[in-house]
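Architecture at a glance
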Amino acid sequence: MTMIFGVPLAVFMGQLMLGLINGAFYALLSLGLAVIFGLLKIINFAHGAQYMLGAFAALLGLQYLGLDYWLALLLVPLVVGGLGMVIERTILRRIAHLDHLYGLLLTYGLALIFEGTLINLFGVSGASYPVPEALQGGLNLGFMFLPTYRGWVLVAALVVCLATWFIIERTRLGAYLRAGTENPALMQAFGVNVPQLVTLTYGFGVALAAFAGVLAAPLYPVSPTMGSSLLIVVFAVVVIGGMGSILGAILTGLGMGLVEGLTKVYYPEAANTVIFLVMILVLMLRPAGLFGKEA
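Comments concerning the overall build of the protein chain
Per the secondary structure count, the protein chain includes 11 helices and four strands. Over its C-alpha atoms the protein chain spans a radius of gyration of 19 Å, differing by no more than 12% from the 19 Å that the globule rule assigns to 295 residues. For the protein chain, the C-alpha atoms occupy an extent of roughly 70 × 50 × 35 Å along the three principal directions. Expressed as a percentage of the 295 residues in the protein chain, the buried residues total 47%. Considering only residue pairs separated by 6 or more positions, the protein chain has 78% of its internal contacts joining residues 24 or more positions apart. For the protein chain, the accessible area works out to roughly 14400 Å², and carbon and sulfur atoms hold 69% of it.

In structure tokens form, the structure reads like this:
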């Protein structure tokens, strides 16, 4: 039997693959946070709740409307993203000129409202969402049996992350977004509707969280608290990559998933804290994060 540092090759590679899949979720959620903070300077503490809303919307859509998984994957991000746009236009815009702390406290309050409302309606026990028929079964990779759905999650998350990076960093629309947040008065003078850009950007970041929620629904129990525990880890990933760095969010999310997976192999007791240890180390050596820019 082939061994790697005292661990069977199959176990080692299996944990790497599972870590990469978890990292895909970290990357997708971190990307939404990075888009909102990098372009709007809003610390969106409601991001975990919006991820949870995506999973719940998919589950309730299936139970009450017969909405299948593929339609949910398209419609739920639009609906939850639309809710985010309403929140930005009616609430967040009123405190846009204030310190970032006000935005953090406001979005944290919104997260508590969303979570508390759903706990009162559905309780705290999780509900299961069926894996779509087309993605049932698995693939024999030689070193492990990979469920087809987990492979789909990895591919879908990577495609969305890379497409988002390309749009923001390599297209004219992305250039308008960056310019509109850096010098809104100048962009207004050129006829660009900056407030509308801000609303659309926040809605897009929220839609990314909802998309991750729909992807997660068949993997994890759908419950009102599913986003709160994940949010702290995602914030740590964003800090490691650099607040507001789009590419940093993607690469760090995938990298931290791998680190977490390897830690489960060699020192399982530290698996839940290794990301925070990495965050402390990075902040000591590079306070702006691995891909962030010094102020």
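Further notes follow.
A short note on the packing of helix H2 (residues 47-65) against helix H4 (residues 100-122)
Their axes nearest at 10 Å, the elements H2 and H4 cross at an angle of 30 degrees. By crossing handedness, the relation of H2 to H4 is classed as left-handed. Between H2, through Ala-49, Met-52, Leu-53, Phe-56 and Leu-60, and H4, the contact on the second element is made entirely by Ala-111, Phe-114, Glu-115, Leu-118 and Phe-122. Its residues assigned to classes, the contact of H2 with H4 shows nine nonpolar, no polar and one charged.

Quick look at the side chain of Ser-245
Examined against the element boundaries, Ser-245 turns out to sit in the loop between helix H9 (226-241) and helix H10 (246-266). Engagement of the side chain of Ser-245 in a polar contact is seen with the backbone nitrogen of Gly-248, the distance being 3.0 Å. When near neighbours in sequence (up to four residues on either side) are disregarded, Ser-245 contacts Ala-34 and Phe-291.

Here we look at the side chain of Thr-164
If you trace the backbone, Thr-164 turns up in helix H5 (residues 148-170). A polar contact is formed between the side chain of Thr-164 and the backbone oxygen of Val-160, at a distance of 2.8 Å. Sequence-distant contacts of Thr-164, that is, excluding residues within four places in its chain, are made with Leu-31, Val-35, Phe-204 and Leu-208.

Focus: the pattern of salt bridges
Close approach of charged atoms lets side chains of opposite charge pair. Taken as a whole, this structure holds one salt bridge when the rule is applied. Close ionic contact of Glu-88 with Arg-93 constitutes a salt bridge, the shortest N to O distance being 3.3 Å. Classification of Glu-88 as buried rests on a relative accessible area of 3%. Residue classification places Arg-93 among the partly exposed residues on the basis of a relative accessible area of 32%.

Describing the nonpolar core
Membership of the largest hydrophobic core comes to 89 residues, with the highest contact counts inside it found for Leu-28, Tyr-51, Met-52, Tyr-69, Leu-215 and Ile-275. Among the elements that take part in this core, helix H1 (residues 9-40) stands out by supplying 16 residues, more than any other.

Describing the environment of Pro-224
Mapped onto the secondary structure, Pro-224 falls in the loop between helix H8 (194-216) and H9. The exposure class assigned to Pro-224 is buried, which follows from its relative accessible area of 2%. Spatially, the C-alpha atom of Pro-224 lies 7.9 Å from that of Gly-126, the residues being 98 residues apart in sequence. The residues touching Pro-224, leaving out its near neighbours within four places in the chain, are Met-52, Phe-56, Glu-115, Leu-118, Ile-119, Gly-123 and Val-124.

Definitions and limits used
Residues numbered from 1 in each chain as written. Predicted model: local features only at pLDDT ≥ 70, side-chain atom pairs only at ≥ 80, totals over all residues. Heavy atoms only, no water. Helix = DSSP H or I, 4+ residues; strand = E, 2+ residues; numbered from the N terminus. Rg over C-alpha atoms; globule rule 2.2 N^0.38 Å. Buried < 20%, exposed > 50% of the residue type's maximum accessible area, 1.4 Å probe, protein only. Contact = heavy atoms within 4.5 Å. Areas by Shrake-Rupley, 256 points an atom, 1.4 Å probe, with all protein chains shown as cover. Axes fitted to C-alpha atoms, helices over the stretch in contact; angles between N-to-C directions. Left-handed = near helix turned anticlockwise from the far one by under 90°. Nonpolar A, V, L, I, M, F, W, Y, C, P; charged D, E, K, R; others polar. Polar contact = N/O pair within 3.5 Å; in protein donor to acceptor, adjacent residues only side chain to side chain. Salt bridge = Lys/Arg side-chain N within 4 Å of Asp/Glu carboxyl O. Core = buried A, V, L, I, M, F, W, Y, C linked by side-chain atoms within 4.5 Å.

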